[in-house]
Amino acid sequence: MSSKEKPTLGGQRIKTRKRNIAAPLDPTAFADAVVQIYLDNAGDLELVAKSIESSDLNFSRYGDTFFEVVFTGGRTQPGTIKPDEGERHSYSVLDCEPKREAILPYVLYIQKTLRRRPFLIKNLENVTRKFLQSLELFEENERKKMAIFTALTFSQKLALTPETVFQPLLKDSLVAKGIVLNFITDFFKEYLRDNSLDDLISLLKKAKMEDNLLDFFPTAKRTPEAFSEHFMKEGLAAVVEYNEKKMFEVKLKEIKSMLTTLISEETDVDEVVDTVKQQVKEAKFPDIEVVRMLWDVLMDAVQWSGKNQQQNANSALRQVKTWAKLLNAFCSTGKLELELMYKVQVQCYEDTKLMKLFPEIVRSLYDLDVLAEDTILLWFRKGSNPKGRQTFVKALEPFVNWLEEAEEEE
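Presented here is a report on the structure given in the accompanying data block. (Residues numbered from 1 in each chain as written. Predicted model: local features only at pLDDT ≥ 70, side-chain atom pairs only at ≥ 80, totals over all residues. Heavy atoms only, no water.)

## Looking at the nonpolar core
- Phe67, Tyr109, Phe166 and Phe231 are the most contacted members of the largest nonpolar core, which has 72 residues in total.
- Counting residues per element, this core draws most heavily on helix H9 (residues 179-194), at 8 residues.
- Apart from the residues within four sequence positions on either side, phenylalanine 166 is in contact with Phe154, Ile184, Phe187, Leu203, Leu204, Ala207, Met209 and Phe216.
- The next biggest cluster of nonpolar side chains, apart from the first, holds 55 residues, and it includes Leu262, Phe330, Leu338 and Leu377. (Core = buried A, V, L, I, M, F, W, Y, C linked by side-chain atoms within 4.5 Å. Buried < 20%, exposed > 50% of the residue type's maximum accessible area, 1.4 Å probe, protein only. Helix = DSSP H or I, 4+ residues; strand = E, 2+ residues; numbered from the N terminus. Contact = heavy atoms within 4.5 Å.)

## Things to note about H9
- Given a rise of 1.5 Å per residue, 16 residues ought to cover 22 Å, and the 24 Å separating the end C-alpha atoms of H9 matches this to within 8%.
- Listing the buried residues of H9 in full gives Ile179, Val180, Leu181, Phe183, Ile184, Thr185, Asp186, Phe187, Phe188, Glu190 and Tyr191. (Expected span 1.5 Å × (residues − 1).)

## Here's the deal with the packing of helix H17 (residues 334-350) against helix H18 (residues 358-367)
- Contact pair H17 / H18: the axes reach a minimum separation of 10 Å and the direction vectors enclose 155 degrees. As far as their axial angle goes, H18 and H17 are roughly antiparallel. Considering the relative orientation of H17 and H18, their crossing is right-handed. Along the contact surface, H17 presents Leu340, Met341, Val344, Gln345 and Cys348, while H18 presents Phe358, Ile361, Val362 and Leu365.
- Along the lines of polarity and charge, the residues of the contact of H17 with H18 split into 8 nonpolar, 1 polar and no charged. (Axes fitted to C-alpha atoms, helices over the stretch in contact; angles between N-to-C directions. Parallel < 35°, antiparallel > 145°, perpendicular 65-115°, else oblique. Left-handed = near helix turned anticlockwise from the far one by under 90°. Nonpolar A, V, L, I, M, F, W, Y, C, P; charged D, E, K, R; others polar.)

## Side note on unusual backbone geometry
- Residue alanine 42 is not a glycine yet carries a positive backbone phi of 50 degrees.
- Mapped onto the fold, alanine 42 is located in the loop between helix H1 (27-40) and helix H2 (45-54).
- Of the residues examined, alanine 42 reaches a relative accessible area of 51% and is grouped as exposed.
- Phi is positive for lysine 284, which is not a glycine, with a value near 55 degrees.
- Examined against the element boundaries, lysine 284 turns out to sit in the loop between helix H13 (269-283) and helix H14 (287-300).

## Some details on empty space enclosed by the protein
- Under the definition given, this model contains 1 cavity of 30 Å³ or more.
- The volume enclosed by the largest cavity comes to roughly 50 Å³.
- Around the largest cavity sit Ala49, Ile52, Glu53, Lys112, Thr113, Arg116 and Arg117, which together line it.
- Listing elements by their share of the lining of the largest cavity, those giving two or more residues are H2 and helix H4 (100-116).
- Split into classes, the residues belonging to the lining of the largest cavity amount to 2 nonpolar, 1 polar and 4 charged. (1 Å grid on protein atoms, 1.4 Å probe; cavity = no way out; pocket = protein on both sides within 12 Å on 5 of 7 lines; lining within 4 Å. Points joined across faces, edges and corners; volume = space filled by probe spheres on them.)

## Some remarks on helix H5 (residues 121-133)
- With 13 residues, H5 should cover 18 Å at 1.5 Å per step; its first-to-last C-alpha distance of 18 Å lies within 8% of that length.
- When we look at burial in H5, the residues that qualify are Ile121, Asn123, Leu124, Glu125, Val127, Thr128, Lys130, Phe131 and Leu132.
- Of the surrounding elements, those touching the buried residues of H5 are helix H3 (63-72), H4, helix H6 (140-155), helix H7 (162-166), helix H8 (172-176) and H9.

## Section: the packing of H9 against helix H10 (residues 197-206)
- Running from amino to carboxyl end, H9 crosses H10 at an angle of 130 degrees, the nearest separation of the two axes being 9 Å. By the criterion of interaxial angle, the relationship of H9 to H10 is oblique. H10 is crossed by H9, and the crossing has right-handed handedness. Note on element contacts: H10 touches H9 through Leu197, Asp199, Leu200, Leu203 and Leu204, opposite Phe187, Phe188, Tyr191 and Leu192.
- Across the contact of H9 with H10, the residue classes break down as 8 nonpolar, no polar and 1 charged.

What follows is the structure, encoded as structure tokens:
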């Protein structure tokens, strides 16, 4: 018998990977199923929530469709709010009254849904952004409902990203028609019912909008006066005060920068005085704020020399002497002179290198006719700022005694 191996017909086996066959998208069937849940429960949101929770619908795949049904009662066509094919119900957000009491239950219902399915937050953002970009397609009362709804989602902390919600509002066509201004006004009113102004400002900062509130106004009305008039009329004085404060800070920063440049370039004092007067007149700055600003800028411009106390004293006094005419131009009343003394007092208290310089600075300001004798005596006897007061009163006592003796001699 031959030991030769017989040929076989086995051949080479090639392994193939089984692939998951993706089910075709069918948002219409999903939407119809959700609509049916609403209809079966006659729009009772508690019962709807329970039915949604126990259903086996594919929310991860049709999250956007789900929120379209919640907002409008059915599917909407891509890129618009027009109804698409399929069943609809009449228990949606846009079907209710434009009142907080009517809309809050929908927000709480969505909140409950998100706790069970947190991944749906992105879908809520998608649909909210889509509708806000299409505000001009809504009726006026529907836009109000959207504003109240959006405010309540932030009040109830549904984890929406502020920037995602607010940025679509800056669409030029929406702003030009005044639609955004009306929306944001309703939003502010509703949000401030449950939250403080600080909460609102924090929200606007996250949305990168706190410095751009005028961008909500049509171009022709984009002025501080129009801003104040509109929001005062709508009962939002706190928003007006915040905006005025913000604008003041911006202008103050600009003037400080300009003055710092003039000082560093050793510009003639008379020219600096004229320039600052023009700037503060245009900005409508309060006189007290001007005095505070001038002292801050002058001291910030000093070239301090570490721990060398004598050099620091010489530098500070030299700066005061150089720019005394500038200070004198704006310390035009006893009240403003007293404000300058308080400013010097606070800085000497808060800055250790200046702590011992208070009496020398005050004496220099007196010699240069910036501070009057009456102002110094008033501060000494009745000054109201407590910061370092006891120390500074004691340090200034010899100079005050000299002033009083000179007054008696006269």
